[in-house]
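# Breakdown of the fold
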Amino acid sequence: MDQSIQSCIDHIAKDMRRREDRGQVAAYIPELARVDPNQFAISVTTAHGDCFDAGDVHTGFSAQSITKVFTLAIALGRSGDQLWHRVGKEPSGNAFNSIVQLEKENGRPRNPFVNAGAIVTTDEVLAGRAPKQALAEIVGFVRAAAEDSDIHINENVAQSELAHGDRNFALAHFLAAHDNLRNAPEMTLGTYFHQCAIELTTRQLALAGRFLMNAKTGSKLVSPSRVRRMNALMLTCGHYDGSGDFAYRVGLPAKSGVGGGILAIVPGIASIAVWSPGLDRNGNSKLGTEALERLAHEMEWSVF
């Protein structure tokens, strides 16, 4: 199987380099708008510890909403099921930064992967601590999961988000108005923006995703029951209002980010990271989704 994985991703990377329609980069964050869209990378790490790469695998990219997976793991570890009193577990059916559903449901976000839900999750991780402490824990978790200390926050991206984060500020203040934010909106959002600005390569992300691979044994970071539940949430909510289409096409739990990255899990078999900066209309990597669809089909990987 190892040779077939490398051969498969080599062909996928070669094909993706020829694509003309690559989607649009996330222009609403100026630092991300500057990223060259003509880049593609894919990495696969197996349960046996083997790693396979193709494309621009040495280029770091902004993880953005993929970090919500790691922060959720920390929040659940700190508060247990208490977090679910503040955030739901249902697909949203709306854009990731929409305030409409939040207003209808009295300030309780649909799930921890839409921005409002992720802000509440980050607020839970803060738990009255200084932002630097919370960020140290989040970055430390990602480093521990990847077994790589060379993972950092890109301060330029964080500041770019802070300067253009009006929608997220609106969400945070709406949450506060419904008593669903325990820290000052500015403090929680400062932490949230820096969390999203974590930068890594596809190899590092694939390695970091290994803790989600086994729902029977879990990992040293997360218990088996939480691994199973997090994978369920990634499958149903990991691609916002494109989650159903992604599940239909790819059939794997996954979490996307507007930096163009996607982390996908083949339970018990592999952790996959793919990156292509151009996004589709739902804010998910266009070529990344196509690459994962092809990889899942050719390797016969699916949870169904």
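This report concerns the structure included in the present document. Because the structure is a prediction, the values reported are computed rather than measured. (Residues numbered from 1 in each chain as written. Predicted model: local features only at pLDDT ≥ 70, side-chain atom pairs only at ≥ 80, totals over all residues. Heavy atoms only, no water.)

Residue Gln 64 is not a glycine yet carries a positive backbone phi of 50 degrees. With respect to the helices and strands, the residue Gln 64 is situated in the loop between strand S3 (61-62) and helix H3 (67-79). Even without glycine at this site, Glu 147 takes up a positive phi of about 55 degrees. Tracing the backbone through its elements, the reader meets Glu 147 in the loop between helix H6 (131-146) and strand S4 (152-153). According to the relative accessible area criterion, Glu 147 is exposed, its value standing at 59%. (Helix = DSSP H or I, 4+ residues; strand = E, 2+ residues; numbered from the N terminus. Buried < 20%, exposed > 50% of the residue type's maximum accessible area, 1.4 Å probe, protein only.)

Attention now moves to the environment of Ser 92. When you line up the elements, Ser 92 lands in the loop between H3 and helix H4 (100-104). Counting along the chain gives 204 residues from Ser 92 to Ala 296, while the straight-line C-alpha distance between them is 25 Å. The residues contacting Ser 92, other than those within four sequence positions of it, are Gln 101, Arg 110, Asn 111, Val 114 and Tyr 240. (Contact = heavy atoms within 4.5 Å.)

As a further point, take the sheet that holds S4. One open sheet holds the three strands; their spatial order is S3-S5-S4, and the pairing between them is antiparallel. At either margin of the open sheet sits one strand with a lone partner, and together these are S3 and S4. (Pairing = 2+ DSSP bridges.)

All right, on to the packing of aromatic side chains then. Tallying each qualifying case throughout the model produces eight aromatic pairs. Aromatic side chains Tyr 28 and Phe 96 sit 6.5 Å apart centroid to centroid with 35 degrees between the ring planes, which places their arrangement in the tilted category. With a gap of 68 residues between them, Tyr 28 in the loop between helix H1 (2-17) and helix H2 (30-33) and Phe 96 in the loop between H3 and H4 connect regions that are remote in the sequence. Measuring from centroid to centroid gives 5.5 Å for Phe 141 and Phe 211, while their planes differ by 85 degrees, and the two rings are edge-to-face. Pair noted here: Phe 141 is in helix H6 and Phe 211 is in the loop between helix H10 (202-208) and helix H11 (224-237), with a separation of 70 residues, a long-range link. The class of Phe 141 is buried, set by a relative accessible area of 10%. Ring pairs connect the aromatic residues Tyr 28, Phe 96 and Tyr 240, which therefore count as one cluster. (Phe/Tyr/Trp six-rings, centres within 6.5 Å; stacked < 30°, edge-to-face > 60°.)

Here we take up helix H5 (residues 115-126). The terminal C-alpha atoms of H5, which comprises 12 residues, lie 16 Å apart, in line with the 16 Å expected from a rise of 1.5 Å per residue. With 12 of 12 residues buried, H5 is to be regarded as a mostly interior element. Along H5, the positions that sit buried rather than exposed are Asn 115, Ala 116, Gly 117, Ala 118, Ile 119, Val 120, Thr 121, Thr 122, Asp 123, Glu 124, Val 125 and Leu 126. Looking one or two places after H5, you find Ala 127, whose phi comes out positive at around 45 degrees. (Expected span 1.5 Å × (residues − 1).)

On to the side chain of Thr 45, then. Positionally, Thr 45 belongs in strand S1 (residues 41-46). The exposure class of Thr 45 is buried, given its relative accessible area of 1%.

Next up on the list: the packing of H3 against H11. Close contact between H3 and H11 brings their axes to 11 Å; oriented N to C, the two are set at 140 degrees. When the axis of H3 is compared with that of H11, the two are oblique. Regarding H3 and H11, the two cross each other, and that crossing is right-handed. Between H3 and H11, the contacting residues are Val 69, Leu 72, Ala 73, Leu 76 and Gly 77 on the first element and Arg 226, Met 230, Leu 233 and Met 234 on the second. (Axes fitted to C-alpha atoms, helices over the stretch in contact; angles between N-to-C directions. Parallel < 35°, antiparallel > 145°, perpendicular 65-115°, else oblique. Left-handed = near helix turned anticlockwise from the far one by under 90°.)

It is worth spelling out the sheet that holds strand S2 (residues 51-55) at this point. Spatially, S2-S1-S8-S7-S6 is the arrangement adopted by the five strands of the open sheet, whose pairing is antiparallel. Since the sheet does not close on itself, it has two edges, and those belong to S2 and strand S6 (254-256), each with one partner. The mean angle between the axes of side-by-side strands here comes to 10 degrees, regardless of whether they run parallel or antiparallel. Across three bridges, S6 lies against strand S7 (residues 261-266) in antiparallel orientation.

On to the pairing of strand S8 (residues 270-275), then. For S8, the buried fraction is high: six of the six residues fall into the buried class. Here S8 shows a buried face lined by Ala 270, Ile 272 and Val 274 and a second buried face lined by Ser 271, Ala 273 and Trp 275. Relative to S8, S1 runs antiparallel, the two being bridged by six bridges. Considered in S8, the bridge of Ser 43 is made with Ala 273. As paired elements, S7 and S8 share six bridges and run antiparallel to each other.

No statement about biological role is implied by the geometric values presented.
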